[in-house]
Amino acid sequence: MSLKFKTIGLVSILLFILSWFYLVPNRLTMTDNLRLTETLRMDKWEMVSDMSGIFDYPAYTDVFFFDVNNGVTLLSGVGGERTKDGGKTWENISDFDNIGTSSLIFINSEIWVVGANIANKKDRPVILKSNDKGEHWKRQNFDLKSLKQVNKEFSHFDDICFDKNGKSWIVGDGGILEAKFENNKFKISRIFETKEKLYHLLCEDSGKIWAYGDNGVIAYYNQLQWNYQKMGEDKVFTKMLIATDSMWLVGSSRKTSQRFLLKSKDNGLTWEDKTPTSADGVTDIYLEKNVGWVIGFNGNIFKTLDGGETWEKEQSPTEKGLLSIFFLNSENGWIVGDSGIVLRYKN
């Protein structure tokens, strides 16, 4: 073999070795960067509690956390539970025994729960309050005159909210009642009979009070009366959210059994469908400025970064139905659902 060919061969080998040492690290770096980018993009929801191994364990239907450790959840049917370790373990709230709990609300460092006492032959509406992070609960009373009205008109309460003037608004099977909470007792001002079945209330910071529920009805209180807007008798609304510049409704259709997410930019006058593509049964929404989450059946979790204009499906550690979402802050969130499922988000 001539010297010329030997030289060419040696040069080729050297070039190959140099290219190997140069390209491989860069390839590895590119791969690592892709993995890192994917890791940063994906929000991690971790399963912290799962009671599906226990036969017929009830669903967690509503959830609230006071801090990263202490939280409260309501059970479908009867009762509630509390946690002291961020949702990993839960214990029964004995004060909720024989109480069909409907909803909870947090205001002024106190948490309120409404429902019905089902221990007696005839159900009686009940309101409970805790000011020690859900450890102890005390039943709230009405004055004598108001109590007679409540027992006559109501068998259960479904929701409660407090307006900016300190008035209490409570909805139940007897309508909507307006009351003042003074000297640790409720005193009814008025009871508004409702033709439609309304199950939920929301008191805006602006002072507006909303009610919504069955037969596609949403209502707002203005000038001493309730004003009704009908959006289709086949619709049932289960969640309302007031964001910075928009309103949101979660609901379902009796005709199609499909669940949906609606958005309004004009204070509820008109609505547009913002249900995430491929969503399976939307159940709840959380939105803070442009960042938000939507949950649903079969473990569905969606996230938005543009105020709900578009939604991206996120990885979920479960295929169980997810029913309620709560965020303490941008770094700590929880989702609860069927069979005692609890998911935890840490950013």
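Residues numbered from 1 in each chain as written. Predicted model: local features only at pLDDT ≥ 70, side-chain atom pairs only at ≥ 80, totals over all residues. Heavy atoms only, no water.

**Section: the sheet that holds strand β8 (residues 124-130)**
How we decide: Strand pairing is defined by DSSP finding a minimum of two bridges between the two strands. We count a stretch as a helix when DSSP gives it H or I for four or more residues in a row; a strand needs E for two or more, and each element gets its number in order from the N terminus.
Within the open sheet, the 4 strands sit side by side as β6-β7-β8-β9. Their pairing is antiparallel. Two strands lie at the open edges of the sheet, namely β6 (99-107) and β9 (138-139), each paired on one side alone. Here strand β7 (residues 110-117) runs beside β8; their pairing, made up of 7 bridges, is antiparallel. Counted as the bridge partner of G115 is V126 from β8.

**So, the sheet that holds strand β5 (residues 91-92)**
Ordered by their spatial adjacency, 4 strands build an open sheet running β2-β3-β4-β5, and the pairing between neighbours is antiparallel. Each edge of the open sheet carries a strand with a single partner, namely β2 (60-65) and β5.

**Focus on unusual backbone geometry**
Not every positive phi belongs to a glycine, and D56 is a case in point at roughly 60°. Although it is not a glycine, S339 sits at a positive phi angle of roughly 55°.

**A short note on the packing of aromatic side chains**
Threshold: Stacked, edge-to-face and tilted labels apply to pairs of Phe, Tyr and Trp rings (six-membered ring for Trp) whose centres lie within 6.5 Å, assigned for plane angles under 30 degrees, over 60, and everything in between, in that order. Under the scheme applied here, a residue whose accessible area is under 20% of the maximum for its type counts as buried, over 50% as exposed, and between as partly exposed, the area being computed with a 1.4 Å probe on protein chains only. The criterion for a charge sitting over a ring is simple: Lys NZ or Arg CZ within 6 Å of the ring centre, and within 35 degrees of the ring normal.
Evaluated as defined, the whole model comprises 32 aromatic pairs. Seen from their ring centres, W45 and Y345 are 5.2 Å apart, and the 40° between their planes marks the pair as tilted. On the criterion of sequence distance, the pair formed by W45 in strand β1 (residues 45-49) and Y345 in strand β29 (residues 342-346) is long-range, its members being 300 residues apart. Here W45 matches Y345 in class, with each residue buried. Considering the side-chain rings of F142 and F186, the 5.2 Å spacing of their centres and the 35° angle between planes classify their relative orientation as tilted. Here F186 lies in strand β14 (residues 185-192) and F142 lies in strand β10 (residues 141-142), a separation of 44 residues in the sequence. Residue class for F142 comes out buried when judged on its relative accessible area of 9%. Grouped by ring-pair contacts, the aromatic residues W112, F142, F154, F157, F162, F181 and F186 constitute a single cluster. The positively charged end of K208 is found above the aromatic ring belonging to Y220, 4.3 Å away from the centroid.

**Comments concerning the side chain of R344**
Rules: This count recognises Lys and Arg as positive and Asp and Glu as negative, with His and chain-terminal groups excluded. Each salt bridge in this description consists of a side-chain nitrogen of Lys or Arg and a carboxyl oxygen of Asp or Glu lying within 4 Å of one another. The definition of a polar contact used here is a pair of N or O atoms within 3.5 Å, where within protein one atom must be able to donate a hydrogen and the other to accept one, and adjacent residues in sequence count solely through side-chain atom pairs. Residues count as neighbours in contact if any of their non-hydrogen atoms are within 4.5 Å of one another.
On the secondary structure map, R344 appears in strand β29. Of the side chains with opposite charge, E46 comes closest to the buried, unpaired R344, at an N-O distance of 7.1 Å. There is a polar contact of 2.9 Å between the side chain of R344 and the side chain of N332. If near-sequence neighbours (up to four positions away) are discounted, R344 is found in contact with K44, W45, E46, V48, V68, G86, N332, G333 and W334.

**Regarding the environment of S278**
Mapping S278 onto the fold places it in the loop between β22 (272-273) and β23 (282-288). Expressed as a C-alpha distance, the spacing of S278 and E312, which sit 34 residues apart in the sequence, is 10.0 Å.

**Brief notes about the environment of L305**
Assignment of secondary structure puts L305 in the loop between β25 (301-304) and β26 (312-313). Considered as a pair, L305 and V291 are 14 residues apart in the sequence and their alpha carbons are 4.6 Å apart. When residues no more than four places from it in sequence are discounted, the contact partners of L305 are N290 and V291.

**Quick notes on the side chain of S253**
Within the secondary structure layout, S253 lies in strand β20 (residues 247-253). The class of S253 is buried, set by a relative accessible area of 10%. Only 2.7 Å separates the side chain of S253 from the side chain of D234, close enough to count as a polar contact. Ignoring any residue separated from it by four or fewer positions in sequence, one finds S253 in contact with D234, Q258 and F260.

**Concerning the nonpolar core**
Quick note on the threshold: To qualify as a nonpolar core, a set must consist of buried Ala, Val, Leu, Ile, Met, Phe, Trp, Tyr and Cys residues joined through side-chain atoms within 4.5 Å.
Grouped together as the largest cluster of nonpolar side chains are 25 residues, with contacts concentrated most on Y60, F96, L104, W137 and V342. Taken together, the elements giving at least two residues each to this core come down to β2, β3 (71-75), β6, β7, β8 and β28 (332-337). Per-element tally for this core: the top contributor is β2, with 4 residues. The residues contacting Y60, other than those within four sequence positions of it, are T73, L74, L75, E81, W90, L323, V336, G337, G340, I341 and V342.

**Considering the layout of surface pockets**
Defined as follows: Here a cavity means grid points, on a 1 Å grid over the protein atoms only, where a 1.4 Å probe fits yet cannot get out; a pocket means an open set of points with protein on both sides within 12 Å along at least five of seven lines; lining residues are those with an atom within 4 Å of a point. Grid points are joined across faces, edges and corners, and a volume is the space filled by probe spheres set on the points. Charged residues are taken to be Asp, Glu, Lys and Arg, nonpolar residues to be Ala, Val, Leu, Ile, Met, Phe, Trp, Tyr, Cys and Pro, and polar residues to be all remaining types, Gly included.
Taken as a whole, the largest pocket spans an internal volume of roughly 1,600 Å³. Lining the largest pocket are 45 residues, with L104, I105, L202, K239 and M240 sitting closest to its centre. Among the secondary structure elements, those contributing two or more residues to the lining of the largest pocket are β2, β6, β11 (157-162), β15 (198-203), β19 (235-242), β23 and β27 (322-329). With 7 residues, the top contributor of residues to the lining of the largest pocket is β6. Here the lining of the largest pocket is built from residues that sort into 24 nonpolar, 10 polar and 11 charged. Size it by volume and the second largest pocket reaches roughly 220 Å³.

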